[in-house]
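Summary of structural features
In case you want the letters, here they are:
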Amino acid sequence: MSWRYTGETPATYPAYLAIGQDGQVQTLVAEPGQVYEIQPAEGTETVVPPEQEGGKPTVRKLPVPPAGPWERVKATTSDKGKE
């Protein structure tokens, strides 16, 4: 799924990765108006203790997109298979 950064100034999101069309993965540095494929970086999961004794803890990933000024970009024929 693609997301457009609608902020007015560049922003860095060190807990997230941007995946380029060439498959290159790097820290998400969002530029105004640009579109990104986003995923949480490894090791950014949150472990929530079990509600009941003896239960298993829950692992939660960061939400995508990150908090901030983002809007979903409708799929085009080139990225329909990515959703």
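Details of the structure are given in the entry above.
With three bridges joining them, strand S1 (residues 2-5) and strand S4 (residues 35-40) adopt antiparallel strand pairing. Considered in S4, the bridge of Trp3 is made with Tyr36. Two elements, S1 and strand S7 (residues 70-73), share four bridges in a ladder whose sense is antiparallel. Along S7, the bridge assignment pairs Tyr5 with Trp70.

Next up on the list: the sheet that holds S7. Taking strand neighbours across the sheet as the criterion, the five strands line up as S3-S2-S4-S1-S7 in an open arrangement whose pairing is antiparallel. The sheet is open, and its two edges are formed by strand S3 (25-30) and S7, each paired on a single side. When strand polarity is set aside, the average angle formed by the axes of neighbouring strands in this sheet is 60°. Summarising the sheet, strand S2 (residues 11-19) and S4 pair through four bridges and their orientation is antiparallel. For Leu17, the partnering residue across the bridge sits in S4 and is Gln39.

Summed over the entire model, instances satisfying the criterion amount to four aromatic pairs. Judged by centre distance (6.1 Å) and plane angle (75°), the ring pair of Tyr36 and Trp70 falls under edge-to-face. Taken as a pair, Tyr36 in strand S4 and Trp70 in strand S7 lie far apart in primary sequence, 34 residues in all. Its relative accessible area of 13% is what places Tyr36 among the buried residues. With a relative accessible area of 12%, Trp70 lands in the buried category. A network of ring pairs unites the aromatic residues Tyr5, Tyr13, Tyr16, Tyr36 and Trp70 as a single cluster.

Reading guide: rules and limits
Residues numbered from 1 in each chain as written. Predicted model: local features only at pLDDT ≥ 70, side-chain atom pairs only at ≥ 80, totals over all residues. Heavy atoms only, no water. Pairing = 2+ DSSP bridges. Helix = DSSP H or I, 4+ residues; strand = E, 2+ residues; numbered from the N terminus. Axes fitted to C-alpha atoms, helices over the stretch in contact; angles between N-to-C directions. Phe/Tyr/Trp six-rings, centres within 6.5 Å; stacked < 30°, edge-to-face > 60°. Buried < 20%, exposed > 50% of the residue type's maximum accessible area, 1.4 Å probe, protein only.

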